[in-house]
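Here's the letter readout for the chains.
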Amino acid sequence: MTTQAGARLLEGAPIADEIRTGVAAGVAAFEAANGRPPGLAVVVCGRSAPSMVYLERILKACAQVGIAGRLVDVPGDDPATQAAALTAALHELNADDTVSGIIVQMPLPAGIGLKVVVDAIDPAKDIDGIHPLNAGLLRLGFEGFVPATAHAALEMLARSGATVAGAEAVVIGRSPVVGMPVASMLVKGGATVTVCHSRTRDLAAHTRTADILIVAAGVPGLVTGAMLKPGAVVIDVGINVVDGHLVGDVDFASASEVAAAITPVPGGVGPLTNALLLAHLVRAAQRQATERSDPAAQGDA
Ligand code: NAD
């Protein structure tokens, strides 16, 4: 499908469907071999955060493919007791063989640092790649769990047919969940990568060199068509609400006049993220089952 202006539209839904079909088959095979489905624990510290909508969507997606998803509420009225309860909950889930993967609601409540999670979560169950071991494996070029959003951006790029090796790639954003893992994966794929961020002096000077542009800044309309190299492949990871509507970081109308291919928001990277998170869960479950039946296989990738 192409946009009105002629760029190829990179839609997430058909790819997400295909991934979910593979996940459902993996879940069925796991259940047949192990007598139980893979399990996902979604740990929440207070249900009022806006991220509850996202987490409930993940649990619904689990149910659709046969994964045993459950919410784990962390009690506590003040940051100190809640941090201790979060640590205890993570230790319990780490030790529970029916739990194959764990994700923790972000952002954490004020006063509880990410370090509480990374100190407690088992890297083998860290399916959204926040643990330093998984981040380190990615940096060193080995296989671990990468954050699902970063994986989704790269999967979309792969499906666009763009050649990564040798390409000039520009990433806007340097966060540990999107920008930096995306940059590491592009380097691994052989691209020449520039990472831009809020302190970059002349953003357009960089974006105009990009054969591949991945934008994850959280700033609506940050990238316009005038900032693109003609024929670029543009992956917009941004999700912003403007006047009650979801928009990305890229001005879609002007960018689609210049780009060869572009993701819409909504409907681009977003749908892929959840599907890939579930694919990570099935991989975690399979690895844990292999390690339980053959402890000597521990560490095999
Ligand atoms: P973040 O706030 O942690 O990081 C934003 C990054 O953008 C920072 O590195 C910052 O330096 C950079 N930045 C901010 N303003 C900039 C500017 N004017 N010019 C250049 N760089 C700038 O955000 P994040 O968690 O990395 O998320 C980024 C975006 O991706 C957000 O819109 C978020 O909602 C979205 N997101 C989407 C998904 C998905 O599934 N599609 C998942 C997670 C996050």
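The preceding data block contains the structure.
As a starting point, this report considers the structure included with it. (Residues numbered from 1 in each chain as written. Predicted model: local features only at pLDDT ≥ 70, side-chain atom pairs only at ≥ 80, totals over all residues. Heavy atoms only, no water.)

### Considering the pattern of salt bridges
Link 1 in the chain: Using the criterion set out here, one finds nine salt bridges in the structure.
Link 2 in the chain: For Arg283, the salt bridge identified is with Glu143, shortest N-O distance 3.0 Å. Placement of the pair is Arg283 in helix α10 (residues 269-293) and Glu143 in the loop between α5 (132-139) and α6 (148-160), with a sequence separation of 140 residues.
Link 3 in the chain: Overall, Arg283 belongs to the partly exposed group, its relative accessible area being 23%.
Link 4 in the chain: In the salt-bridge network here, residues are joined through shared partners; they are Glu18, Glu155 and Arg159. (Salt bridge = Lys/Arg side-chain N within 4 Å of Asp/Glu carboxyl O. Helix = DSSP H or I, 4+ residues; strand = E, 2+ residues; numbered from the N terminus. Buried < 20%, exposed > 50% of the residue type's maximum accessible area, 1.4 Å probe, protein only.)

### Points about the site of the ligand
Link 1 in the chain: Every one of the 21 residues lining the ligand counts as a neighbour, but Arg174, Ser175, Ser198, Ile239 and Thr273 are closest to it.
Link 2 in the chain: The backbone of Val237 places a nitrogen or oxygen atom 3.5 Å from an oxygen atom of the ligand.
Link 3 in the chain: Burial of the ligand by the protein chains amounts to 69% of its free accessible area of 850 Å².
Link 4 in the chain: Here the shell around the ligand gets three residues from one element, more than from any other, and that element is α10.
Link 5 in the chain: Its residues assigned to classes, the shell around the ligand comprises ten nonpolar, ten polar and one charged. (Near = heavy atom within 4 Å. Polar contact = N/O pair within 3.5 Å; in protein donor to acceptor, adjacent residues only side chain to side chain. Areas by Shrake-Rupley, 256 points an atom, 1.4 Å probe, with all protein chains shown as cover. Nonpolar A, V, L, I, M, F, W, Y, C, P; charged D, E, K, R; others polar.)

### What to know about the packing of α6 against helix α7 (residues 179-188)
Link 1 in the chain: Relative orientation of the contacting elements α6 and α7 amounts to 40 degrees, with a least axis distance of 8 Å. Between α6 and α7, the angle is such that the two are oblique. In terms of crossing hand, the pair formed by α6 and α7 is right-handed. The segment α6 lies against α7, with Ala150, His151, Ala153, Leu154 and Leu157 engaging Pro181, Val182, Met185 and Leu186.
Link 2 in the chain: Here the residues of the contact of α6 with α7 sort into eight nonpolar, one polar and no charged. (Axes fitted to C-alpha atoms, helices over the stretch in contact; angles between N-to-C directions. Parallel < 35°, antiparallel > 145°, perpendicular 65-115°, else oblique. Left-handed = near helix turned anticlockwise from the far one by under 90°. Contact = heavy atoms within 4.5 Å.)

### A short note on unusual backbone geometry
Link 1 in the chain: Residue Pro107 is reached from Met106 by a cis peptide bond, and omega for that bond is -5 degrees.
Link 2 in the chain: By the element assignment, Pro107 lies in the loop between β4 (101-104) and α4 (114-120).

### Brief notes about the side chain of His131
Link 1 in the chain: Along the polypeptide, His131 turns up in the loop between α4 and α5.
Link 2 in the chain: A distance of 2.8 Å separates the side chain of His131 from the backbone nitrogen of Leu133, its partner in a polar contact.
Link 3 in the chain: Each residue touching His131, except ones within four places of it in the same chain, is listed here: Val118, Ile121, Pro123 and Asp126.

### Let's talk about the nonpolar core
Link 1 in the chain: By size, the foremost hydrophobic cluster in this structure holds 55 residues, and its most contacted members are Leu40, Ile67, Leu157, Val182, Leu186, Ile214 and Ile235.
Link 2 in the chain: Of the residues forming this core, the biggest block, nine residues, is contributed by α10.
Link 3 in the chain: Apart from the residues lying within four places of it in its own chain, the contact partners of Ile67 are Val23, Val27, Pro38, Leu40, Cys62, Leu278 and Leu281.
Link 4 in the chain: With 20 residues, the next largest nonpolar core counts Ala41, Val74, Ala89 and Leu90 among its residues. (Core = buried A, V, L, I, M, F, W, Y, C linked by side-chain atoms within 4.5 Å.)

### Let's talk about the side chain of Gln105
Link 1 in the chain: Residue position: Gln105 is located in the loop between β4 and α4.
Link 2 in the chain: In this structure Gln105 comes out as buried when scored by relative accessible area, which is 1%.
Link 3 in the chain: Looking at Gln105, its side chain comes within polar contact range of the main-chain nitrogen of Cys45, at 2.9 Å.

### Here's the deal with the sheet that holds strand β8 (residues 233-236)
Link 1 in the chain: The strand order β1-β11-β8-β7-β5-β6 describes an open sheet built from six strands, whose pairing is parallel. Across the chains shown, the open sheet's two edge strands, defined by having one partner strand only, are β1 (8-9) and β6 (192-196).
Link 2 in the chain: Where α6 meets the sheet, its contacts fall on β1, β7 (212-215) and β8, and the angle it forms with β8 comes to roughly 155 degrees. (Pairing = 2+ DSSP bridges.)

### Points about the pairing of β6
Link 1 in the chain: The pairing of strand β5 (residues 168-172) with β6 spans five bridges and is parallel. Along β6, the bridge assignment pairs Ala169 with Val193.
Link 2 in the chain: For the segment spanning β5, α7 and β6, crossover handedness is right-handed. (Right-handed = clockwise from strand over helix to strand, strands pointing away.)

### Some remarks on the sheet that holds strand β2 (residues 39-44)
In a beta sheet, neighbouring strands are held together by backbone hydrogen bonds and run either parallel or antiparallel to one another.
Link 1 in the chain: Judged by pairing direction, the sheet is parallel, and its three strands sit side by side in the order β3-β2-β4 without closing on themselves. Of all the strands in the sheet, just β3 (68-73) and β4 have a single pairing partner and so form its edges. Neighbour-to-neighbour, the strand axes of this sheet turn through a mean angle of 20 degrees, independent of strand direction.
Link 2 in the chain: Two elements, β2 and β3, share six bridges in a ladder whose sense is parallel.

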